[in-house]
Amino acid sequence: LRAMSKWVRANLGPDVPLHFTAFHPDWKMTDVAHTPPTTLTRAREIAQRAGLNYVYTGNVHDESGGSTYCPSCAHPLIRRDWYQINSYELTDTGACKQCGTRIPGRFQKFDKAFGPRRIPVRLAA
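Residues numbered from 1 in each chain as written. Predicted model: local features only at pLDDT ≥ 70, side-chain atom pairs only at ≥ 80, totals over all residues. Heavy atoms only, no water.

(A) Expanded view of a positive patch on the surface. On the surface, Arg-2, Lys-6, Arg-42 and Arg-49 cluster together into a patch of positive charge. Put simply, the parts of the chain that give the positive patch at least two residues each are helix H1 (2–11) and helix H2 (37–49). Checked against the element boundaries, Arg-42 lands in helix H2. (Patch = residues over 30% accessible without salt bridge, like charges linked within 9 Å, V, L, I, M, F, W, Y side chains within 5 Å. Areas by Shrake-Rupley, 256 points an atom, 1.4 Å probe, with all protein chains shown as cover. Salt bridge = Lys/Arg side-chain N within 4 Å of Asp/Glu carboxyl O. Lys, Arg positive; Asp, Glu negative; His and termini not counted. Charge placed at Lys NZ, Arg CZ, Asp CG, Glu CD. Helix = DSSP H or I, 4+ residues; strand = E, 2+ residues; numbered from the N terminus.)

Structure, rendered in structure tokens:
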């Protein structure tokens, strides 16, 4: 994980999002154990120590690991738990409301709740 994270930083940059997602035994793979949340947390910490700004844990309840933080002031920008967004602290232009640092990505005004319900997505051809 250290080598991969260093490679990502050197070749793609520190702002590339990296996700560590838990395995859950389902359907035909019920004989394989689930990924312990502590394993995901450790992987996230290794990637952050390598200098990556946006590292996440997924497929588990982990608000700290699923949230986005400002790389300048460490203020929580988007607090998530699973698929639930608990707070959104970005300006309409995608900057930290605390210190004004511009966050890479595409952002728009966020004015309604987004939670665990499935929302249809239309893909353009």
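Alright, that's what it looks like, and here's the rest.
(B) Summary view of the layout of surface pockets. Taken as a whole, the second largest pocket spans an internal volume of roughly 410 Å³. Lining the second largest pocket are 21 residues; nearest its centre among them are His-19, Tyr-56, Gly-66, Thr-68 and Arg-80. Looking at the lining of the second largest pocket, the elements that each hand over two or more residues are strand E1 (18–21), strand E2 (55–58) and strand E4 (76–81). The residue inventory of the lining of the second largest pocket, partitioned by class, reads ten nonpolar, seven polar and four charged. (1 Å grid on protein atoms, 1.4 Å probe; cavity = no way out; pocket = protein on both sides within 12 Å on 5 of 7 lines; lining within 4 Å. Points joined across faces, edges and corners; volume = space filled by probe spheres on them. Nonpolar A, V, L, I, M, F, W, Y, C, P; charged D, E, K, R; others polar.)

(C) Quick look at the packing of aromatic side chains. Following the criterion strictly, the structure yields one aromatic pair and no others. A centroid spacing of 6.1 Å and a plane angle of 80° characterise the contact between Trp-82 and Tyr-83, whose relative ring orientation is edge-to-face. Note on Trp-82: relative accessible area 35%, which makes it partly exposed. (Phe/Tyr/Trp six-rings, centres within 6.5 Å; stacked < 30°, edge-to-face > 60°. Buried < 20%, exposed > 50% of the residue type's maximum accessible area, 1.4 Å probe, protein only.)

(D) Layout of the state of the cysteines. Applying the stated criterion across every chain, the model contains zero disulfides. A disulfide-free cysteine, Cys-73 has its sulfur positioned 3.7 Å from the sulfur of Cys-99, the nearest such atom. Distance from the sulfur of Cys-99, which forms no disulfide, to the nearest cysteine sulfur (Cys-70) is 3.6 Å. (Disulfide = S-S within 2.5 Å.)

(E) Local environment of the side chain of Thr-68. In this fold, Thr-68 is placed in strand E3 (residues 68–69). At 2.7 Å, the side chain of Thr-68 and the side chain of Tyr-56 are in polar contact. Those residues in contact with Thr-68 that sit more than four places away from it in its chain are Tyr-54, Tyr-56, His-75, Pro-76, Leu-77, Ile-78 and Arg-80. (Polar contact = N/O pair within 3.5 Å; in protein donor to acceptor, adjacent residues only side chain to side chain. Contact = heavy atoms within 4.5 Å.)

(F) Just the environment of Asn-59, in detail. Locating Asn-59 in the fold gives a position in the loop between E2 and helix H3 (63–66). Along the chain, Asn-59 and Leu-40 lie 19 residues apart, while their C-alpha atoms are 10.0 Å from each other. Once residues within four sequence positions are removed from consideration, Asn-59 is found in contact with Thr-21, Ala-22, His-24 and Trp-82. Here Ala-22 takes part through its backbone oxygen, which lies 3.0 Å from a polar atom of the side chain of Asn-59.

(G) Broad picture of the sheet that holds E4. Sheet architecture is open: three strands sit in the order E3-E4-E5, paired in antiparallel fashion. Of all strands in the sheet, those bounded by a partner on one side alone are E3 and strand E5 (84–88). Where E3 and E4 come together, two bridges link them in antiparallel fashion. When the sheet's bridge partners are listed, Tyr-69 is paired in E4 with Pro-76. (Pairing = 2+ DSSP bridges.)

(H) Molecular detail of the nonpolar core. Ranked by size, the top nonpolar core spans ten residues in total: Val-8, Leu-18, Phe-20, Ala-22, Leu-40, Ala-43, Ala-47, Leu-52, Val-55 and Val-60. Taken together, the elements giving at least two residues each to this core come down to E1 and H2. With three residues, H2 is the largest single contributor of residues to this core. (Core = buried A, V, L, I, M, F, W, Y, C linked by side-chain atoms within 4.5 Å.)

All quantities given are derived from atomic positions and should not be read as evidence of function.
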